[in-house]
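Below are the chains, spelled out letter by letter.
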Amino acid sequence: IGEIACRVIKTCKKMGIKTVAVHSDVDSSAVHVKVADEAVCVGPAPTSKSYLNMDAIMNAIKQTGAQAVHPGYGFLSENKEFAKRLAAEGVTFIGPDTHAIQAMGDKIESKLIAKAAKVNTIPGFDGVVKDAEEAVKIAGEIGYPVMIKASAGGGGKGMRIAWNDEETREGFRFSSQEALSSFGDDRLLIEKFIDNPRHIEIQVLADKHGDALWLNERECSIQRRNQKVVEEAPSTFLDPDTRRAMGEQAVSLANAVKYSSAGTVEFLVDSKKNFYFLEMNTRLQVEHPITECITGLDLVQQMIRIAKGYKLQHKQSDIPINGWAVESRVYAEDPYKSFGLPSIGRLSQYQEPLDLPNVRVDSGIQEGSDISIYYDPMISKLVTYGKTREEALKKMEDALDNYVIRGVTHNIPLLREIIVHPRFVSGDISTKFLPEVYPDGFKGHMLTAGERRELLATAAALYVAAQLRSQKFLGDLRVSVVPAESRQWELCVELDKGVHMLGVSRSGNNYTVEIDGEKVEVSGEWNLASALLPITINGKHRTLQCLLRTAAGEISLQYLGTSFKLRVLSNLAASLSKHMPEKVPEDTSSILRSPMPGSVVAVSVKPGDNVAEGQEICVIEAMKMQNSMTAAKTAKVKSVHCKAGDTVGEGDLLVELE
Amino acid sequence: MWRGTLGPSEVVVGVLAQGRRWFGTVMSSDTARVHLSVQERIEKKRKAALTGGGQLRIAAQHKRGKLTARERLELLLDPDSFVEYDMFVEHRCSDFGMEADHNKYPGDSVVTGQGRINGRLVYVFSQDFTVFGGSLSGAHAQKVCKIMDQAMMVGAPVIGLNDSGGARIQEGVESLAGYADIFLRNVMASGVVPQISLIMGPCAGGAVYSPALTDFTFMVKDTSYLFITGPDVVKSVTNEDVTQEELGGAKTHTTVSGVAHRAFENDIDALLNLRDFFNFLPLSNKDPAPVTECHDPRDRLVPGLDTIVPLESTKAYDMLDIVHGIVDEREFFEIMPNYAKNIVVGFARMNGRTVGIVGNQPKVASGCLDINSSVKGARFVRFCDAFNIPIITFVDVPGFLPGTAQEYGGIIRHGAKLLYAFAEATVPKITVITRKAYGGAYDVMSSKHLRGDVNYAWPSAEVAVMGAKGAVQIIFRGKENQAEAEAEYVEKFANPFPAAVRGFVDDIIQPSTTRKRICRDLEVLASKKQTNPWKKHANIPL
């Protein structure tokens, strides 16, 4: 959400270039609009009517007299039509020329160009295969393992992996049958199957004078649903020779299409360091900051220079790898659902960990921003940098622990787990990392016995600190306060249905908590207003976050990235708890009723739609005010009982969810 | 009086030992024996009092998901702080076999006394359902009246934990007299000390009027009921089929009737929340609003507020987001959160000091004022004024709700209550107009004209007689160029200037600075003195 605009504007300011931001209706108070020198609204919220609306953007350019356009990424950044229109108006497009965009935008064409430029491509055969034996022959030429699928089939449908001749024959039968029956087209695709591939990409930079550089690689293997989650530069996997080979091929591809500006050549790399061209992105990548960290270059600045027609400032030998950089994509997503389903809401509290050294946060939002359904749910890119990978990763742990995001569900629990996972730490990763490491889905951090004690002790100490403060009344009091003098507390703490009896003793800000015979020392400032809870547990420094603390003893703590629900009660209250009736929570989340009489202005869903929690379902107007009715949970729409224009009474059923 | 509840305490033994020494030389062996038997009887009675209606009834109480009267007090009060009164009081009924020894329970059906909540004094009574179903005897009422009288003299709040089947039928008019004695004290104490009722079981018939007279009524979900007449009587009189829960359960009273101010999950949840709530209240009308240690910087900026009001004036936002952003530690104890949701009221703290928050809720019915929201707001404002709690009002109100339902229901006299309450209040009053302040509703919402001490407007504020469209239709009736006129009206009136140039708002402030400004104002206004003209009592349009 405006993140890349903010990033570009930052460099423009450094270079003394005035900026104009374009924005949609709903983004009129967004950060990128505020930081730009001028702003133009290009239409309503749906991207097709605003950020993809070329007419409106061309108008904005004319209106402001802008000389150049940086397209960021996404939206129109790889749209040749847009580049053409700009060229026709004599406006500079900060990116490659139309020809390169077009050539690299076509999967088949780009592959042919790559082949011609001697770039490794995935070996394969696409056409009619006579019989199983021919399939075996082709497979033998390509080399096992191979993937067999119907040419006409999309996605992974009917895909077969064969590791030997026998499996190839079987795969041939299966795939050709399916090709014919499903698509009426018996052409088969037999391609080298890249086992456990890594996604490693090379950043290139080329000027309009035929010079090109490769700025080393970025490893982006940690993905979910083909979207990158954690990236790093350099890769743990590449040796200097492979790196150079990849870099040189990337440059030769750039040269082959007379590329200018910054671009990225993506490769799949197998376990034997064979690498194969995947595609070329003709724009700035989301994950460009990590390349900037290790090379010291400002890619946006380079793009602007190149667009202006300047020659490259650097030679290949000038391009260093200094240290290590890691980027985590912080998303407004629920990581417990398919590694991330979008969530929306208002950022009630938001604090980036910028006070830590070597931390860079690229974001386009601030406290109070709405994460809406219209755009990408990315909150920010959190980049940490260190002399070594260990240092960068340790810094990332701290940064994630100190990152305060409230009001929307976010994926920090997942990010925090990935970066400390032994496989990730050792560099043993592939694009299948997430499904392999979490075959049953992500469940949050699994506490060790020691961590569990730390968490329990922190909750107990926090509880006591809050109890003590609630006895502190200031000012002159007519009736004196007689606080319950106690230095010793017997508490009962519940965590994941486990119940623990704790003894807590206090001296100043230091608490000694006894759990099952083990002593845990916890100390801190106990600032009960702060979202962050920096404490020392048994001598170790930790930053937890207090997400919730209620009068009834409920405490939610974010610890090691994951949020844990605890309940702290006095022993007395805990012992009486057994008499409390068990309650089955009534589920009203699947029924949406009109909260007031009014008229239905719009219904945004139809039966069968999937809606996210908080997503708008319909809009009711009453007293000339529009009230947005939202889904109370993420679910499929079962039935819709109203339509636009209907008059509804209070309590009328509007929509049912499954 | 006897301290503590867990078996005979050392204090009692100490006093007796002294007594023995004192009389030792003159005491005959007979008197000594009598004395020892007295001693035994004391112990026996105390023990009996502690077990209330006996183990079987205690077990039955637990089975219902309810705690006993004493367990509740233990949870509500600080450890070892309870000082019990009238443990030896017994009922005086001599009819229907009630005079028999096995029908007498020391302390009868209520536990009374005083104790501390977070160190602060409170008087309490806790009805004991295990003794005659907690029914109210003359003795029961007398015990309650005793602590209420003392609470008023000392100046400390009264908390009642209600769990009673109703009047002690065997006592007849004596029981009714008892209720009236309590009612009278509820009324006398009203505005003198805070009174809180927590309904933890049945409360039916005349008994309901004691909680109704207190300042706050809280309920426990699924185990408490409040009604004038139960489902059986309802059936026989009106032929309606209704369950106890539907007729007078927590949900009914917190969402439909507005009788109860908040409902909690169970006994423990309710009592722990009550402790939390108690910290917001002053002990009496002679005490200032309490100030607690605060970790939230008083000059904290709230950047999120600068973008919270949508640019389209027809779009809603959540007033609670504003409240949470501004108050200390995002902590807001909302009163009646599920009733008349178009107005938000509740307690919070600003730099540690208790404040009452009133805000129109644009998210619900556009934040308009109607009968229920006016009554809800008025009662809250009057409580704050009675107990020296400054009132902070957030205004975004498009007007009063039109319609026959409202007019026939008496929106005129009910709306007048909120107007009256704000006008008569002499506590510090700070008002922030976040967006709309239209028509009469602008006047009502703690406007400058009703002695608002500090009135702010956000840049998004529109103080006007009505919205642009309606106004233009009247001013330019039948004329062409309505759209142009509307634009002119918006330009002229849909902004804070018309109010600001007249001094009706004291300043136009950046929303992100609101917390800082209010904290500073409250410090200055802490010494505010304002009195209304002498009167026997005012005549609020009830």
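What counts and how
Chains are numbered independently. Their residues run from 1 in the order of the written sequence. Starting at A for chains and at 1 for ligands, labels are handed out in the order in which the entities are written. Where totals are concerned, whole chains, interfaces and linings use all residues; where local detail is concerned, this predicted model gives features only for residues with pLDDT of at least 70, and gives and counts side-chain atom pairs only at 80 or more. Water and hydrogen atoms were dropped before computing side-chain values, which therefore reflect all heavy atoms in the structure. Two strands are said to pair when DSSP picks up at least two bridges between them. Under the DSSP-based scheme used, a helix requires at least four consecutive residues in state H or I and a strand at least two consecutive residues in state E, with every element numbered from the N terminus. Accessibility here uses a 1.4 Å probe with only protein chains present; expressed as a share of the type maximum, an area under 20% marks a residue as buried, one over 50% as exposed, and anything in between as partly exposed. Seen with its strands pointing away from the viewer, a crossover is right-handed when the path leading from the first strand over the helix to the second is clockwise. Note that the domain bounds were set by an automatic or database domain assignment. Take the accessible area each of two parts loses on contact, using a 1.4 Å probe, and add the two losses: that sum is the buried area. Any pair of nitrogen or oxygen atoms within 3.5 Å is treated as a polar contact; in protein, a donor-acceptor pairing is required on top of that, and neighbouring residues in sequence qualify only through side-chain atoms on both sides. Nonpolar residues are Ala, Val, Leu, Ile, Met, Phe, Trp, Tyr, Cys and Pro. Charged residues are Asp, Glu, Lys and Arg, and all others, Gly as well, are polar. We count a salt bridge whenever a side-chain nitrogen from Lys or Arg sits within 4 Å of a carboxyl oxygen from Asp or Glu. UniProt positions are given in the numbering used here, feature names are shortened, and annotations may be inferred rather than shown by experiment. Whether two residues are in contact is decided by their heavy atoms, any of which lying within 4.5 Å being enough. Among the buried residues, those of types Ala, Val, Leu, Ile, Met, Phe, Trp, Tyr and Cys that are joined through side-chain atoms within 4.5 Å form a nonpolar core. Each patch is built from residues lacking any salt bridge and having more than 30% relative accessible area; the joining distance is 9 Å for like charges and 5 Å for nonpolar side chains (Val, Leu, Ile, Met, Phe, Trp, Tyr). All accessible-area figures derive from a Shrake-Rupley calculation using a 1.4 Å probe, and residue coverage is judged against the displayed protein chains alone.

1. Comments concerning the sheet that holds strand S32 (residues 591-593) of chain A
Residue and element names in this part refer to chain A. Spatial ordering of the open sheet is given by S32-S39-S37-S34, a layout of 4 strands whose pairing is antiparallel. Strand pairing shows two members of the sheet lacking a second neighbour, S32 and strand S34 (610-611), which therefore form its edges. The pairing of S34 with strand S37 (residues 635-640) spans 2 bridges and is antiparallel. Looking across to S37, one finds that valine 611 is bridged to alanine 635.

2. Focus: the pairing of strand S4 (residues 120-127) of chain B
Residue and element names in this part refer to chain B. For S4, a buried count of 8 out of 8 residues is recorded, marking the element as mostly surrounded by other parts of the structure. Alternating residues of S4 divide into Arg120, Val122, Val124 and Ser126 and Leu121, Tyr123, Phe125 and Gln127, and every residue in both groups is buried. Hairpin remark: strand S3 (residues 110-117) followed by S4, antiparallel, with 2 residues in the connecting loop; positive phi at asparagine 118, about 50 degrees. Judged from the 4 bridges that link them, S4 and strand S5 (residues 158-162) form a sheet pairing that is parallel. Paired with valine 124 across the bridge in S5 is isoleucine 159. Handedness of the S4-helix H5 (residues 138-154)-S5 crossover: right-handed.

3. Some points on the domain arrangement of chain A
All names here are of chain A. Segmentation of chain A into domains returns domain 1 (2-94), domain 2 (100-122 + 199-322), domain 3 (123-192), domain 4 (324-440), domain 5 (449-471 + 485-578) and domain 6 (591-657). Centre-to-centre, using C-alpha coordinates, domain 1 lies 27 Å away from domain 4. On the domain 1 side of the interface with domain 4, the three residues burying the most area are Glu3, Arg7 and Val31, jointly 46% of the side's total. Taken together, the links from domain 1 to domain 4 amount to 1 residue pair in polar contact (both at pLDDT 80 or more). A total of 3 residues in the side of domain 1 that touches domain 4 trace back to one element, the largest contributor, which is helix H1 (residues 3-15). Considered class by class, the residues forming the side of domain 1 that touches domain 4 number 8 nonpolar, 5 polar and 4 charged.

4. Some details on the pattern of salt bridges
Summed over the entire model, instances satisfying the criterion amount to 66 salt bridges over all chains. Across the pair arginine 542 of chain A and glutamate 454 of chain A runs a salt bridge whose closest N-O atoms are separated by 3.2 Å. Placement of arginine 542 of chain A in strand S29 (residues 540-549) and of glutamate 454 of chain A in helix H16 (residues 449-469) is noted, with a sequence separation of 88 residues between them. Accessibility expressed as a relative area gives 19% for arginine 542 of chain A, which makes it buried. Assessed through its relative accessible area of 5%, glutamate 454 of chain A is described here as buried. The salt bridge partner of glutamate 329 of chain B is arginine 469 of chain A, with a shortest N-O separation of 2.6 Å. Residue glutamate 329 of chain B is found in the loop between helix H12 (319-326) and strand S12 (332-335), and its partner arginine 469 of chain A is found in helix H16; the two belong to separate chains. Accessibility classification places glutamate 329 of chain B together with arginine 469 of chain A in one group, the buried group. Members of the salt-bridge network, linked through shared partners, are Glu201, Arg218, Lys228, Glu231, Glu266, Glu287, Glu327 and Arg329 of chain A.

5. Some points on the UniProt feature "domain: CoA carboxyltransferase C-terminal" (unreviewed entry) in chain B
When the UniProt feature table is mapped onto this chain numbering, "domain: CoA carboxyltransferase C-terminal" (unreviewed entry) sits at residues 297-536 of chain B. Across residues 297-536 of chain B, the secondary structure splits into 36% helix and 19% strand, with the terminal C-alpha atoms separated by 43 Å.

6. Points about unusual backbone geometry
In most cases, non-glycine residues show a negative phi, while peptide bonds are predominantly trans. Residue and element names in this part refer to chain A. Residue proline 145 is bonded to the preceding tyrosine 144 through a cis peptide linkage, with omega at -10 degrees. Across the junction of alanine 233 and proline 234, the peptide omega takes the value -5 degrees, indicating a cis bond. Phi angles above zero are rare outside glycine, and lysine 258 is one such case at about 50 degrees. Residue position: lysine 258 is located in the loop between helix H9 (240-256) and strand S12 (261-269). In this structure lysine 258 comes out as exposed when scored by relative accessible area, which is 69%.

7. Things to note about the environment of phenylalanine 433 of chain A
Residue and element names in this part refer to chain A. Within the secondary structure layout, phenylalanine 433 lies in helix H15 (residues 433-437). The class for phenylalanine 433 is buried, based on a relative accessible area of 0%. Taking C-alpha positions, phenylalanine 433 is 8.6 Å from arginine 423, a pair spaced 10 residues apart along the chain. Excluding anything up to four places from it in sequence, phenylalanine 433 contacts Ile222, Ile418, His421, Arg423, Phe424 and Asp428.

8. Some details on the nonpolar core
In summary, soluble globular proteins display a tendency toward joint burial of nonpolar side chains. Judged by nonpolar contacts, the single largest core of 103 residues is most densely connected at Ile159, Phe277 and Phe347 of chain B. The element best represented in this core is helix H11 (residues 267-278) of chain B, accounting for 7 residues. When residues no more than four places from it in sequence are discounted, the contact partners of phenylalanine 277 of chain B are Ile196, Phe216, Phe218, Phe333, Ile335 and Phe347 of chain B. Membership of the second largest hydrophobic core comes to 37 residues, among which are Ala459, Tyr463, Tyr559 and Leu566 of chain A.

9. Some points on the UniProt feature "domain: CoA carboxyltransferase N-terminal" (unreviewed entry) in chain B
Per the UniProt record, "domain: CoA carboxyltransferase N-terminal" (unreviewed entry) is found at residues 35-293 of chain B. Along residues 35-293 of chain B the backbone is 41% helical and 17% strand, and the end-to-end C-alpha distance reaches 52 Å.

10. Notes on a nonpolar patch on the surface
On the surface, Leu184, Val187, Met188 and Leu213 of chain B cluster together to form a nonpolar patch covering roughly 330 Å² of accessible area. Relative to the elements of secondary structure, leucine 184 of chain B occurs in helix H6 (residues 173-189).

11. Observations regarding the interface of chain A and chain B
How big an interface is tends to be reported as the loss of accessible area on association of its parts. Opposite the 49 residues of chain A that make contact, chain B presents 65 residues. Summed over both sides, the interface of chain A with chain B buries roughly 4500 Å², with 58% coming from carbon and sulfur. The salt bridge involving arginine 549 of chain A is made with glutamate 329 of chain B; its shortest N-O contact spans 3.7 Å. At the level of secondary structure, the elements contributing two or more residues to the side of chain A that touches chain B comprise H16, strand S23 (473-474), strand S31 (562-570), helix H17 (571-577) and strand S36 (625-630) of chain A. The element contributing the most residues to the side of chain A that touches chain B is H17 of chain A, with 4 residues. Partitioned by chemical class, the residues of the side of chain A that touches chain B number 23 nonpolar, 15 polar and 11 charged. Bridge count for S23 of chain A against strand S11 (residues 291-292) of chain B is 2 bridges, and the pairing is antiparallel.

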